[in-house]
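Structural overview
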Amino acid sequence: MKKTYTILKDNYEDAGQASRDIKMTLKMLGINPKVLKRISIACYEAEINLVIHSNGGTITFEVNDDGKVKLAFDDTGPGIENIELALKPGYSTASKKAREFGFGAGMGLDNMKSCASTFDIQSSKDGTHLRMTFE
């Protein structure tokens, strides 16, 4: 099974809907609850980052026949200037608007990396590409 969702920049009203749909789909497929929790956390964090930091992008999720879940997040920029710094807990470049909505604690990438079985992030001014798998 494979699904793709479009995420719009600054669309705080719909932020989290793709993650909820993914969670419900995986729950119906009978994914292990402990794995489902890790996926839900990582997916939500990544979706919120698309809303807050990118110019918009997509989430693609795939479930293999063996139950392995793959999540891909791709945006069109502006990119992460310093990935190593962005991975440090507490570091945030969130805007004032994002902070007003309660986001921007600087824990997103660290939470994603902690939850995923594999975690790969590549970024340039043209966009950020994040891949995670869960087993």
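Quick summary incoming for the structure in this document. All values reported here derive from a predicted model rather than from experimental measurement. (Residues numbered from 1 in each chain as written. Predicted model: local features only at pLDDT ≥ 70, side-chain atom pairs only at ≥ 80, totals over all residues. Heavy atoms only, no water.)

Within the fold, methionine 24 resides in helix α1 (residues 17–28). C-alpha separation for the pair methionine 24 and serine 40, spaced 16 residues apart in sequence, amounts to 9.7 Å. (Helix = DSSP H or I, 4+ residues; strand = E, 2+ residues; numbered from the N terminus.)

As a further point, take the packing of α1 against helix α2 (residues 33–53). The packing of two helices is summarised by the inter-axis angle and the distance between the axes. For the pair α1 and α2, interaxial distance at closest approach is 9 Å and the crossing angle is 160°. On the basis of the axis angle, α1 is roughly antiparallel to α2. Once α1 is placed against α2, the crossing between them reads as right-handed. Residues Gln17, Ala18, Ser19, Ile22, Lys23, Leu26 and Lys27 of α1 pack against Leu36, Ile39, Ser40, Cys43, Tyr44 and Glu47 of α2. Of the residues that constitute the contact of α1 with α2, the class distribution is 7 nonpolar, 3 polar and 3 charged. (Axes fitted to C-alpha atoms, helices over the stretch in contact; angles between N-to-C directions. Parallel < 35°, antiparallel > 145°, perpendicular 65-115°, else oblique. Left-handed = near helix turned anticlockwise from the far one by under 90°. Contact = heavy atoms within 4.5 Å. Nonpolar A, V, L, I, M, F, W, Y, C, P; charged D, E, K, R; others polar.)

Looking now at the nonpolar core. Burial of nonpolar side chains together is a common tendency in soluble globular proteins. One finds Leu26, Phe73, Met132 and Phe134 to be the most contacted residues of the largest nonpolar core, which totals 36 residues. Those elements that provide at least two residues to this core are β1 (2–7), α1, α2, β2 (57–63), β3 (69–75), α5 (108–115), β4 (118–124) and β5 (127–134). Sorting elements by how many residues they give to this core places α2 first, with 10 residues. (Core = buried A, V, L, I, M, F, W, Y, C linked by side-chain atoms within 4.5 Å. Buried < 20%, exposed > 50% of the residue type's maximum accessible area, 1.4 Å probe, protein only.)

Here we come to α5. Counting along an α-helix, one turn takes 3.6 residues, and residues three or four places apart therefore face a common direction. Taken residue by residue, α5 has Gly108, Leu109, Met112 and Cys115 as its buried positions. All buried residues of α5 project into a common sector of 135° when viewed along the axis, lining one side. Looking at the buried residues of α5, the elements they touch are α2, α3 (83–86), β4 and β5. (Arc of directions from axis to C-beta.)

Moving on to the environment of alanine 15. Along the polypeptide, alanine 15 turns up in the loop between β1 and α1. For alanine 15, a relative accessible area of 14% gives the class buried. Considering only alpha carbons, one finds alanine 15 and asparagine 55, 40 residues apart in sequence, at a separation of 14 Å. If near-sequence neighbours (up to four positions away) are discounted, alanine 15 is found in contact with Arg20, Glu47, Ile48 and Val51.

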